[in-house]
Amino acid sequence: MGRPRPGFPKLGSGPLSAPCGIESRGSHCHDVEMGVLLGLTGGIGSGKSTVASQLVALGATLVDADAIVHELQASGQPLFAALVEEFGPGVVADDGSLDRAALGAIVFRDASARERIGHLTHGPVIAEMMRRAERATAAGAPLVVLDVPLLFEGRVAGPGSASRISYQETVLVWVPEEIQIERTVARDRCSRDEALRRIAAQLPIDEKRAMADHVIDNSGSPEETTRQVESLYAKLTSPNAA
């Protein structure tokens, strides 16, 4: 038996805004004609982007929180100005754009800075995510995937994006922490200590695993991951989904 948990209120007034009510793991309120709203998350180095691209190839519509953040943080946007005011001119690159590496260095080392940037960012990002999700649903997308790196962190903290969106299902892309470390070091060309610091800024991936409705184990071969993704897509878009 799954543990019951309350649904989370959604933004907007479109088809995605109706409250889902009480959910339990493995038993959710679906309306296949409206499409399924799936919250996708992972941990640093888990391979979430790979799974997202595979779901899109199968027919899902992706709403990428990070991509929206980048758009809203572009030079000249209100969010850009707010970040510079909050964190100072050191987060502005030579070309006038946001220096994401400088901002990231602050955020990964300072919990209060993470809270401040979250306070500035969450509102406009959530609103844009829901606008895009509702457009996709209205267009008949069978599965709308909201890619939210800190989905479960938001639920735990309360003010994050996940606390204001009622996903019908959630999926975690999981790998053991040691693989997270190895992949982060290789991808970002950073030290092991830096990789550990970044991983420590998120909930432990095994805690996230216990919170997810579905888990994609991305620690094996690419073919094994693909089989899991295909199975999940078929399950979520089946007319008989419960």
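So, here's what we can say about the structure.

Parameters at a glance
- One numbering rule holds for all chains: residues counted from 1, following each sequence as written.
- Only residues with pLDDT of at least 70 get local features here, since the model is predicted, and only at 80 or more are side-chain atom pairs given and counted; chain-wide, interface and lining totals rely on the full set of residues.
- To obtain the side-chain values, all non-hydrogen atoms of the structure were used and water was disregarded.
- To get an axis, a line is fitted to the C-alpha atoms, and for a helix only the part in contact is used. The angle between two axes follows their N-to-C directions and goes from 0 to 180 degrees.
- Secondary structure elements are defined from DSSP: runs of H or I of at least 4 residues count as helices, runs of E of at least 2 residues count as strands, and each element is numbered from the N terminus.
- Working definition: roughly parallel below 35 degrees, roughly antiparallel above 145 degrees, roughly perpendicular at 65 to 115 degrees, and oblique for all remaining angles.
- Left-handed describes a crossing whose near helix is turned anticlockwise from the far helix by less than a right angle; the clockwise case is right-handed.
- Contact between two residues is taken to exist if any of their heavy atoms lie within 4.5 Å; hydrogens are not considered.
- Amino acids outside the nonpolar list (Ala, Val, Leu, Ile, Met, Phe, Trp, Tyr, Cys, Pro) and the charged list (Asp, Glu, Lys, Arg) are all regarded as polar, and Gly is one of them.
- Here, nonpolar core refers to any group of buried Ala, Val, Leu, Ile, Met, Phe, Trp, Tyr and Cys residues whose side-chain atoms link them within 4.5 Å.
- To sort residues, take the accessible area from a 1.4 Å probe on protein chains only and compare it with the maximum for the residue type: under 20% means buried, over 50% means exposed, and anything in between is partly exposed.
- For a helix, the expected span equals 1.5 Å multiplied by the residue count minus one.
- Pairing between two strands requires that DSSP report at least two bridges joining them.
- Ring pairs shown here join Phe, Tyr and Trp side chains whose ring centres sit within 6.5 Å, with only the six-membered ring taken for Trp; geometry is labelled stacked below 30 degrees between planes, edge-to-face above 60, and tilted in between.
- Charge-over-ring contacts are defined here by two conditions on Lys NZ or Arg CZ: a distance within 6 Å of the ring centre and an angle within 35 degrees of the ring normal.
- The arc refers to the directions leading from the helix axis to the C-beta atoms.

Here we come to the packing of helix α3 (residues 78–87) against helix α5 (residues 111–138). The interhelical angle for the contact between α3 and α5, taken along N-to-C directions, is 155°, at an axis separation of 10 Å. Between α3 and α5, the angle falls in the class roughly antiparallel. When the axes of α3 and α5 are compared, the crossing they make is right-handed. Together, Leu79, Ala82, Leu83, Glu86 and Phe87 of α3 and Ala113, Arg116, Ile117, Leu120 and Thr121 of α5 make up the contact between the two elements. Of the residues that constitute the contact of α3 with α5, the class distribution is 7 nonpolar, 1 polar and 2 charged.

Another aspect to go through is the nonpolar core. Residues Val63, Met129, Val144, Leu146, Val148 and Ile165 are the most contacted members of the largest nonpolar core, which totals 24 residues. With 6 residues, α5 is the single largest residue contributor to this core. Those residues in contact with Leu146 that lie beyond four places of it in its chain are Leu37, Leu38, Gly39, Leu40, Val63, Met129, Met130, Ala133, Ile165 and Tyr167. In terms of nonpolar packing, the next biggest core, distinct from the first, is built from 16 residues, Leu40, Ile216, Tyr233 and Leu236 among them.

With respect to the secondary-structure elements, Ala111 resides in helix α5. When its relative accessible area of 42% is taken as the criterion, Ala111 is described as partly exposed.

Moving on to helix α10 (residues 222–237). Between its first and last C-alpha, α10 extends 23 Å over 16 residues, near the 22 Å set by a 1.5 Å rise per residue. On its buried face, α10 sits against β3 (36–41), α1 (48–58), β5 (143–147), β6 (169–174) and β7 (214–217).

This part takes up the sheet that holds strand β4 (residues 61–64). What holds strands together in a sheet is hydrogen bonding between their backbones, with the strands either parallel or antiparallel. Here we have 5 strands laid out as an open sheet, ordered β4-β5-β3-β6-β7, and parallel in their pairing. Each edge of the open sheet is held by one strand with a lone partner, namely β4 and β7. Strand-to-strand twist across the sheet, computed as the mean angle between neighbouring axes with direction ignored, equals 25°. Two strands pair when backbone bridges link them, and β3 and β6 are joined in this way by 4 bridges, in the parallel orientation. Pairing of Leu38 across the sheet is with Glu169, part of β6.

Here the focus is the packing of α1 against α10. Packed helix pairs are specified by the crossing angle of their axes together with the interaxial distance, meaning the distance between the axes. For the pair α1 and α10, interaxial distance at closest approach is 10 Å and the crossing angle is 50°. In terms of orientation, α1 and α10 fall into the oblique class. As α1 packs across α10, the resulting crossing turns out to be right-handed. Between α1 and α10, the residues in contact are Val51, Gln54, Leu55 and Leu58 and Thr225, Thr226, Val229, Glu230 and Tyr233, respectively. Residues of the contact of α1 with α10, tallied by class, amount to 5 nonpolar, 3 polar and 1 charged.

This part takes up the packing of aromatic side chains. Counted according to the given criterion, the structure contains 0 aromatic pairs. Positioned over the ring face of Trp174 is Arg209, at 4.3 Å from the centre of the ring.

Considered for burial, the residues of helix α2 (residues 65–72) that qualify are Ala65, Ile68 and Val69. What you see down the axis of α2 is that its buried residues fit within an arc of 105°, all on one side. Next to the buried residues of α2 lie β4, α5 and β5.

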